[in-house]
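What follows is the residue order along each chain.
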Amino acid sequence: MRLDKFLKISRIIKRRSVAKEVADKGRIQINGKVAKSSSTVKVGDQLQIQFGNRLVIYKINELHESTKKEDAAKMYTLISDEKQESID
């Protein structure tokens, strides 16, 4: 499954266009490698996403072509959510 589609269906990022923009700016890594919106994700992959000054890490548990809101959270596990200190 494409990265941007996974982020939308899992509701980590609400819009696919926003997911594409974030990925194409180099803010997402899959298993430690910078990913583009068209990158393929699979079960067991680890996503690292930079949201402003927050670094969030998810593990992919399931892949679905579509899902209900209440089932979306089962698609991933939150591993870490850390606020990054700015270096001035």
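- Looking at an unreviewed UniProt entry, one finds the chain named RQC P-site tRNA stabilizing factor, with Candidatus Enterococcus avicola as its source organism.
- Turning to the chain, the UniProt annotation filed under Sequence similarities (unreviewed entry) states: "Belongs to the RqcP family."

## Topic: the pattern of salt bridges
Once their charged atoms are close, side chains differing in charge can pair, the charge on each being opposite to the other.
(1) Moving on: The final tally for this structure, using the stated rule, is eight salt bridges.
(2) Moving on: With a closest N to O distance of 2.6 Å, Lys 5 and Glu 65 form a salt bridge. One end of the pair, Lys 5, is in helix α1 (residues 3-9); the other, Glu 65, is in the loop between β4 (54-60) and α3 (69-72), with 60 residues separating them in the sequence.
(3) Moving on: Its relative accessible area of 56% is what places Glu 65 among the exposed residues.
(4) Moving on: Between Asp 24 and Lys 20 there is a salt bridge, with its nearest N and O atoms 2.8 Å apart. Highlighted residues: Asp 24 and Lys 20, both in helix α2 (residues 16-24), separated by four residues, approximately one helical turn.
(5) Moving on: Three or more residues are tied together by salt bridges with common partners; here these are Arg 2, Asp 4 and Arg 16.

What counts as what
- Residues numbered from 1 in each chain as written.
- Predicted model: local features only at pLDDT ≥ 70, side-chain atom pairs only at ≥ 80, totals over all residues.
- Heavy atoms only, no water.
- UniProt positions renumbered as here; feature names shortened; annotations may be inferred.
- Salt bridge = Lys/Arg side-chain N within 4 Å of Asp/Glu carboxyl O.
- Helix = DSSP H or I, 4+ residues; strand = E, 2+ residues; numbered from the N terminus.
- Buried < 20%, exposed > 50% of the residue type's maximum accessible area, 1.4 Å probe, protein only.

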